[in-house]
Amino acid sequence: MSVKKIAVLTSGGDAPGMNAAIRAVVRTCAYHGLEVMGVYRGYQGMIEGDFKEMSARSVRDIINKGGTILKSARSKDFRTPEGRAIAYKNLTAAGADALVVIGGDGSFTGALAFNKEYNFPVIGIPGTIDNDIYGTDYTLGYDTALNTVIDAIDKIRDTASSHNRLFFIEVMGRDAGHIALNSGIGAGAEEILIPEENIGLPKLLKSLEKSRNSGKTSSLVVVAEGDNIGKNVFELKEYVEEHHPDYDVRVSVLGHMQRGGSPSCFDRVLASRMGVKAVESLIEGKTNCMVGIRNTKMELTPLEKAIKGTSKINMELLRVAEIMAT
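Residues numbered from 1 in each chain as written. Predicted model: local features only at pLDDT ≥ 70, side-chain atom pairs only at ≥ 80, totals over all residues. Heavy atoms only, no water.

### Let's talk about the UniProt feature "binding site: ATP" (unreviewed entry) in the protein
Here, the residues flagged by UniProt with the feature "binding site: ATP" (unreviewed entry) are G13, R74, S75, G104, D105, G106 and S107. What stands out for the annotated residues spanning 95 residues is how close their C-alpha atoms remain, the widest pair being 14.2 Å apart. Mapped onto the elements of the fold, R74 is located in the loop between strand 3 (51-54) and helix 3 (81-93). Sequence-distant contacts of R74, that is, excluding residues within four places in its chain, are made with G12 and G13. Within the secondary structure, G104 sits in the loop between strand 4 (98-103) and helix 4 (105-118). (UniProt positions renumbered as here; feature names shortened; annotations may be inferred. Helix = DSSP H or I, 4+ residues; strand = E, 2+ residues; numbered from the N terminus. Contact = heavy atoms within 4.5 Å.)

Written as structure tokens, this is what we have:
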């Protein structure tokens, strides 16, 4: 079956670069003479028939914007066969015969189920700041989030140095420590706590004592939200204060500010490449795949592998972090 009209949606948590990806999908469709339709509010919009025809001009001036013009939502209804049946009926009634899903592994799980039930062609574009999807070296929004975190930590360091304080800075990363590890190195943190490496509370104290004994009057500890040596970052603060009352400890949770902001040049270019690859893969008859970048080249990974696989942190960076904290 030849593709004549492609639907595109964004799903799950927003990430900088999603708009650039939407733009790339729409303009690649225009380049190849295909129709394209935007689906608002992700899978819920499919169920409710919230569609809008798009053209090359309708996506002007969005490459620099964070968030997603198509909005995003999590849909409980789409998790049911009945919900997916309604979505399929609406999509086909609108003339769409292929779908591009921009999101994370939860979004891809929905796309895979939809394809298996209706043999509807789908291609995924990985959009999540956590960089935790198998099959790509980088996900959309990750580079921008790193720069946002670095900027925030640099400002916190000014305060830490001025008052001789210890700061615990929590960054996003429930299941993966990519943001914490890279931003920690980039910001010169004394310690980095990530889910993949449980250093334990005693070693944390030892590390902080080493920093103080070496002459450092202030310290920064970057903590991924999924780190498991304490229940949360505030418990870490209490533990350090209990064992070292002389420490002036503060906590800063960066939270959702990491999701926002204008995408970096890297994310804009990556989104553009992924959007082109997604549309042209559908034209070539490919389906059930995710577009990714590996060793600077665009590649396809089966959705099932992307969902079940795990991204791995760079072990060399752990050693670099340890050396830099000397």
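Still to come is the rest of the account.
### Here we look at the sheet that holds strand 4
Within the open sheet, the 7 strands sit side by side as 3-2-1-4-5-10-11. Their pairing is mixed. Both outer strands of the open sheet, strand 3 and strand 11 (297-302), are each paired with one neighbouring strand and no more. Mean inter-strand twist for the sheet, computed between neighbouring axes without regard to direction, equals 30°. Two elements, strand 2 (residues 35-39) and strand 3, share 4 bridges in a ladder whose sense is antiparallel. By the bridge assignment for strand 3, G38 is matched with K52. Here helix 9 (residues 265-283) sits on the sheet in contact with strand 1 (5-10), strand 4, strand 5 (122-126), strand 10 (289-294) and strand 11, set at roughly 170° to strand 5. (Pairing = 2+ DSSP bridges. Axes fitted to C-alpha atoms, helices over the stretch in contact; angles between N-to-C directions.)

### With respect to the packing of helix 3 against helix 4
Contact geometry for helix 3 and helix 4: axes closest at 11 Å, N-to-C directions at 75°. By the angle class used here, helix 3 and helix 4 are roughly perpendicular. Counting all contacts with helix 3, which are made through P81, R84, A85, A87, Y88 and L91, the residues of helix 4 involved are A113, F114, E117 and Y118. Split into classes, the residues belonging to the contact of helix 3 with helix 4 amount to 8 nonpolar, no polar and 2 charged. (Parallel < 35°, antiparallel > 145°, perpendicular 65-115°, else oblique. Nonpolar A, V, L, I, M, F, W, Y, C, P; charged D, E, K, R; others polar.)

### Quick word on the UniProt feature "binding site: ADP" (unreviewed entry) in the protein
Under the local residue numbering, the UniProt record ascribes the feature "binding site: ADP" (unreviewed entry) to R23, A24, V25, V26, R27, R157, G188, A189, E190, K216, T217 and S218. Here A24 is to be found in helix 1 (residues 18-31). Since its relative accessible area comes to 8%, A24 is described here as buried. Setting aside anything within four residues of it in sequence, one finds A24 in contact with A271, S272, G275 and V276. By the element assignment, R157 lies in helix 5 (residues 142-163). (Buried < 20%, exposed > 50% of the residue type's maximum accessible area, 1.4 Å probe, protein only.)

### Some details on the sheet that holds strand 9 (residues 249-253)
An order of 7-8-6-9 is seen for the 4 strands of this open sheet, with the pairing classed as parallel. The open sheet is flanked by strand 7 (191-193) and strand 9, the only strands paired with a single partner. Looking at each pair of strands side by side, their axes are set apart by 20° on average, direction ignored. As paired strands, strand 6 (residues 166-171) and strand 8 (residues 219-224) are joined by 6 bridges and run parallel to one another. Within the sheet, the bridge partner assigned to V171 lies in strand 8 and is A224.

### Remarks on the packing of aromatic side chains
Enumeration according to the criterion identifies 9 aromatic pairs in this entry. Ring plane angle 10° and centroid distance 4.3 Å describe the contact between Y88 and Y118, whose orientation is recorded as stacked. In this pair, Y88 sits in helix 3 while Y118 sits in helix 4, placing the two residues 30 residues apart along the sequence. Residue Y118 is classed as partly exposed on the basis of its relative accessible area, which comes to 26%. (Phe/Tyr/Trp six-rings, centres within 6.5 Å; stacked < 30°, edge-to-face > 60°.)

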